[in-house]
Amino acid sequence: MQKILGSLVAVGICLTPLTMSMFAEYSWAQAENSQSQQLRQLIEQAKKQDQQQKYQQAVLTWQQVLTLARQLNDRKAQAEALLGIGRNNQKIGKPQPALDYLNQALTIYKEVGDRSGVADTLSGMGKVYSNIGQPQKALELYQQALPLKKEVGDRSGVADTLNNIGAFYFNIGQLQKALEYYQQALPIKKEVGSSSGVATTLNNIGGVYLSIGQPQKALEYYQQSLPISKEVGDRCIVAITLNNIGHVYLSIGQPQKALEYYQQSLPISKEVGARSGEATTLSNMGGVYLSIGQPQKALEYFQQSLPISKEVGSSSGEATTLNNIGEVYLSIGQPQKALEYFQQSLPISKEVGSSSGVAATLNNIGQVYLSIGQPQKALEYYQQSLPISKEVGSSSGEATTLSNLAFVYRDTNHPTEAINNWQQSVEIILQIRRELQQSDRQKFLKDNQNSEIALVDLLIDQKQPERAYEWVHLYTTSDLADYSRLINAKVANPDAQQQIEQWNQKNQQLEFLRQELSKKFTVELSQRINNFQTEINQLAETISLKFPEVAELFETTTTDIARLRANIPEGTVIVQPVLLTEKKYIAIFVLTKNQVKVIKRAINPKELDTLLTQYPEELQTAFTEDYFDNSQKLYDILIRPIEGEIQAAAPTQLSVIATGKFRYIPFESLYDSKTKKFLIQKYPVNNLTRISSRTLQDSQANNQVPRQAVLALGNPFPNDIRHLRGAEAEVTGIKKVLPSSEVYLNDKATLNTFKTQAQRFNFLHIATHGCFIPGGCPSLKMPENTILFADQNLNIADAALLGLKNVSLIILSACRTAVTEKSTGEEVAGIAYLFERAGAKAVIASLWDVNDDSTRQLMVKFYENLNKGMSKGEALRQAKLSLINNPVYSHFYYWSPFILIGNAR
């Protein structure tokens, strides 16, 4: 059963700007009678209630104003009261009474020649029509109001009207046009000192960026808006902004975070009587529950939202909620029921001019037809949806529909069309992902990797292993680049940094041109974009060749695997397992210098996930024998299918590229029940972060110092909880084996010493704590992503600044990664990758805390083997074999945690 992505939650109608135009002030006669005084007091009271967002109370007070103004025959006061009653009726979701009062106000304002009042009333009427799904009528009214606002010098009113026109274009899907109006409004609001107006406009700009697939940019604007609206006490804007921040988190795959913001927004909307906002937030909360697999809970929220949207006349809200209810029924296996709701939603979206809503609903109707076995019918709806998503600049919608089209083409035996559509979908997903802050990228990719996995799967079935591996390699490399961005890893070369910034600027220009093209297609602009894209790709290639240490930052297209494979040394076989669609199959790629092969096998996904979780846990204690059973099972899944290919290549080195939870598996510990041998007893085994020209090149010896010289630092804090009992014996043992080495212990094991001395040695050995747990290690007094030294911690983001170009190997002896429930192993490869980018050829690191005595013996034996002229990989292998043959340390716990990542030669 295939998973097809769909639109769950629309950006809420709370995005509609809240105009805050001030009512006109009036001159009063010098001699006021008691009724006139009372009238003035009531007007001031009503205005205060307006500002406090006490809409129901304000209506009652304005009614009193209207009655008294009629008694006094004060036409201006009557108009002001009618305007106040109309506006507040609109805010509490009573559009028809609102229009009745506003029309009366308009007549009086025109009669008395109050152009400012006419403009305010036109704007108020426009907002009502906008909320009841008549955006074109709203636009006409706003366009009548705008010149009047300018004429009377109402700068704040001008900004409000620009905001409202922007909202019109936003609602009909002309997002770039909306952005233009919002950006005109923002400086005016700042100029007139309207903090509430600034907050509103920042919020609206955020809505545009969210809609065009730039959620991180949207979040920046929302986070600017929120404190401003809180400071001025504008509770409605606070509720709106909290809702929209929630929607950002939902869009990037963090539903629980989204729910937190929605739950903050909802009671505020109820408190201020913002029924439209209440409906939107209820609908969005339903979307969260749908996304986390609680459809009945979702349905409860959608069904609360729908009648409110109808009550307040919010056609766009009604369409959104109908669409979402359809999603629920589709998810619980009631496609016909789902279709009923989608078919109710579609004409409403068309009527209100919501192009993005139309595209999403067409896509979802296609999903229904696919689920009931009518692929051709599904194809028709997807093909209607795709150009609309492109037209409105909805990158995520376009990627989703392309993927859905690909599923249909695959299932109707049109593999070429399926491959083409999936390739386009994956490229868009990567583009969106690149624009996210790194903290959001991993979750986003996890929720949007169906296209990539399905593409790889189909290419394998079509006997195209090299093309399949290009996409596998692209995603593997993207993971590593993501980890670098997550910790803000530095680039050592200032020239490289400058060119990276130039590349980023060009990409921003390209995105702007694409948005312009989505507004109005011309052949000339399309050709200009194609030429500019070629120029950007060429710049990326130039930077990659000139600065190979940062090349992966530019990997946004598939890579020529044949070119990379040429760097694989003779005698080396590379293995990479990849889970395929819905994890029911596994593909195991086998790469040599001459060819790429792939074996695809069916698996039990639950069994494999259990093995990947249990096996590392079992290895972390020396008091269990249960690990043998799981070790054999993993061998049968990961190695047995490719034994023939490995044996045929007769490798002198077996290299593994592990992704996800595979990274926590020491592959050399896998046990062959037929030959009664561990994999390490058959071959030297190392890990690679990815295939690249840098990591696979032969190590070059440092001509300035003997190859066997080691810089060793250990146990920087011997007198507190951070004391490492065996570290001192470990590093002093190195000195005994390799006398030309230098050793620094305790308070001499400083980062400054490491920086100063590291360039003199090609082997670096650090026996100290490392912390790679999100949030840090309080018990060790260490922040996350750091390595402990006596004077200060090393932030691994600064690895590139250490000058490690001559380093053949870094050993992180006591450093370990922490496996949590949500761990996917990115830190294992990421740490090694950062040191590789810094110039080191390889890293040895531990997967868990290890025994001091066995570690000391392993490391001393490793250096003895190096001193005999063995390669790094063979030296570590023989050191481990010596422990396997030692009855005291034969348990996996003692010898398997240390893995060599990088060049083993």
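Residues numbered from 1 in each chain as written. Predicted model: local features only at pLDDT ≥ 70, side-chain atom pairs only at ≥ 80, totals over all residues. Heavy atoms only, no water.

The secondary structure content of the chain amounts to 36 helices and 16 strands. Split into buried and exposed, the 905 residues of the chain put 61% on the buried side. Look at the contacts in the chain between residues 6 or more apart in sequence, and 68% of them connect residues 24 or more apart. By element, 47% of the accessible surface of the chain is carried by carbon and sulfur atoms, the whole surface being about 35,600 Å². (Helix = DSSP H or I, 4+ residues; strand = E, 2+ residues; numbered from the N terminus. Buried < 20%, exposed > 50% of the residue type's maximum accessible area, 1.4 Å probe, protein only. Contact = heavy atoms within 4.5 Å. Areas by Shrake-Rupley, 256 points an atom, 1.4 Å probe, with all protein chains shown as cover.)

A pair of packed helices is characterised by two quantities: the angle between their axes and the separation of those axes. The geometry of helix α11 (residues 235–251) relative to helix α12 (residues 255–272) is characterised by a closest axis approach of 8 Å and an angle of 160° between their N-to-C directions. Comparing their axes, α12 and α11 come out roughly antiparallel. Taken as a pair, α11 and α12 cross one another with a handedness that is left-handed. Listed contacts from α12 to Arg235, Cys236, Val238, Ala239, Leu242, Asn243, Ile245, Gly246, His247, Tyr249 and Leu250 of α11 are Pro255, Lys257, Ala258, Tyr261, Tyr262, Gln264, Ser265, Ile268, Ser269, Glu271 and Val272. Per-class residue counts for the contact of α11 with α12 are 13 nonpolar, 6 polar and 3 charged. (Axes fitted to C-alpha atoms, helices over the stretch in contact; angles between N-to-C directions. Parallel < 35°, antiparallel > 145°, perpendicular 65-115°, else oblique. Left-handed = near helix turned anticlockwise from the far one by under 90°. Nonpolar A, V, L, I, M, F, W, Y, C, P; charged D, E, K, R; others polar.)

Attention shifts here to the state of the cysteines. Note on terminology: a disulfide is the covalent bond linking the sulfur atoms of two cysteines. A complete count under the given rule lists 1 disulfide for this structure. Cys771 shares a disulfide with Cys777; S-S distance 2.0 Å. Disulfide Cys771-Cys777: torsion about the S-S bond near 95°, hence right-handed. Just as Cys771 is buried, Cys777 falls in that class too. (Disulfide = S-S within 2.5 Å.)

Time to look at the pairing of strand β4 (residues 653–657). Along β4, 5 of the 5 residues are buried, which leaves the element largely enclosed by surrounding structure. Neither face of β4 is left uncovered, since the one carrying Gln653, Ser655 and Ile657 and the one carrying Leu654 and Val656 both have all their residues buried. Where strand β1 (residues 572–579) meets β4, 4 bridges bridge the pair, whose relative direction is parallel. Bridge pairing links Thr572 to Gln653 in β4. Sheet topology places β4 next to strand β7 (residues 685–688); 4 bridges connect them, and they run parallel. Bridge pairing in β7 places Val656 opposite Asn687. (Pairing = 2+ DSSP bridges.)

Take the nonpolar core next. Within the largest apolar cluster, 158 residues are counted, with the highest numbers of intra-cluster contacts made by Tyr469, Phe589 and Leu591. Formed by 102 residues, the second largest nonpolar core is a distinct cluster that contains Val573, Val737, Leu738 and Phe898. (Core = buried A, V, L, I, M, F, W, Y, C linked by side-chain atoms within 4.5 Å.)

What follows is about the pairing of strand β10 (residues 763–767). Side chains on a regular strand alternate between the two faces of the sheet. In terms of burial, β10 is largely enclosed, as 5 of its 5 residues are buried. The two faces of β10 match: Phe763, His765 and Ala767 on one face and Leu764 and Ile766 on the other face are all buried. Pairing of strand β8 (residues 710–714) with β10, which is carried by 5 bridges, proceeds in the parallel orientation. If you follow Leu713 over to β10, its bridge partner there is Ile766.

Moving on, we come to unusual backbone geometry. One non-glycine residue, Asn73, adopts positive backbone phi at about 55°. Here Asn73 is to be found in the loop between α2 (55–71) and α3 (75–91). For Asn73, a relative accessible area of 57% translates into the label exposed.

Under the defined criterion, the tally for this structure stands at 20 aromatic pairs. Centroid distance Phe407 to Trp422: 5.0 Å. Interplanar angle 85°. Geometry classified as edge-to-face. Taken together, the positions of Phe407 in helix α19 (residues 395–411) and Trp422 in helix α20 (residues 415–434) put the pair 15 residues apart, joining distant regions of the chain. Like Trp422, Phe407 is buried. Members of the aromatic cluster, joined through ring pairs, are Phe628, Tyr671, Phe678, Phe892 and Trp895. For Lys337, the ring lying beneath its charged end belongs to Tyr329, and the centroid distance is 5.8 Å. (Phe/Tyr/Trp six-rings, centres within 6.5 Å; stacked < 30°, edge-to-face > 60°. Lys NZ or Arg CZ within 6 Å of the ring centre and 35° of its normal.)

Taking strand neighbours across the sheet as the criterion, the 3 strands line up as β11-β12-β13 in an open arrangement whose pairing is antiparallel. Of all the strands in the sheet, just β11 (770–771) and β13 (794–795) have a single pairing partner and so form its edges. Sheet analysis places strand β12 (residues 786–787) next to β13, joined by 2 bridges and oriented antiparallel. Each residue of the ladder has a partner; that of Ile787, found in β13, is Leu794.

Under the definition given, this model contains 26 salt bridges. In this structure, Asp411 and Arg410 form a salt bridge, with 2.9 Å as the shortest nitrogen-oxygen distance. Three or more residues joined by partner-sharing salt bridges are found here, namely Asp636, Arg640, Glu643, Asp672 and Lys682. (Salt bridge = Lys/Arg side-chain N within 4 Å of Asp/Glu carboxyl O.)

Confidence in the prediction for the chain averages 83 pLDDT; 84% of positions are at 70 or higher. Confidence, read as mean pLDDT per element, is least for helix α21 (residues 438–447) in the chain (55) and greatest for strand β2 (residues 585–591) (96). Counting interchain partners and residues more than four positions distant, the pLDDT-below-50 stretch residues 699–706 has 12 contacts. (pLDDT = per-residue confidence, 0-100.)

A few words on the environment of Lys127. Tracing the backbone shows Lys127 in helix α5 (residues 115–131). On a C-alpha basis, the gap between Lys127 and Ala167 in space is 9.7 Å, while along the polypeptide they are 40 residues apart.

Counting along an α-helix, one turn takes 3.6 residues, and residues three or four places apart therefore face a common direction. For helix α8 (residues 175–191), with 17 residues, the first-to-last C-alpha span of 25 Å sits near the 24 Å given by 1.5 Å per residue. Where α8 ends, the next residue or the one after it, Gly193, has phi of about 75°, a positive value. (Expected span 1.5 Å × (residues − 1).)

Looking now at the environment of Gln174. Relative to the elements of secondary structure, Gln174 occurs in the loop between α7 (155–171) and α8. Judged by relative accessible area, Gln174 falls into the partly exposed class, the value being 40%. For the pair Gln174 and Ser356, spaced 182 residues apart in sequence, the C-alpha to C-alpha distance is 9.7 Å.

If you check α19, its first and last C-alpha atoms are 25 Å apart, about what 17 residues at 1.5 Å a residue would give, namely 24 Å. By the criterion of burial, α19 is predominantly enclosed, with 14 of the 17 residues buried. Once α19 ends, the next one or two residues include Asn413, with phi positive near 65°.

Residue placement: Ser478 occurs in helix α23 (residues 465–486). When the C-alpha atoms of Ser478 and Leu430 are compared, they prove to be 8.6 Å apart, with 48 residues separating the residues in sequence.

Let's shift gears to the side chain of Arg565. Turning to its location among the elements, Arg565 is positioned in helix α26 (residues 561–565). Only 3.1 Å separates the side chain of Arg565 from the side chain of Glu466, close enough to count as a polar contact. Not counting the four nearest positions on each side in its chain, Arg565 is found in contact with Glu466, Thr592, Lys593, Asn594, Gln595 and Val596. (Polar contact = N/O pair within 3.5 Å; in protein donor to acceptor, adjacent residues only side chain to side chain.)

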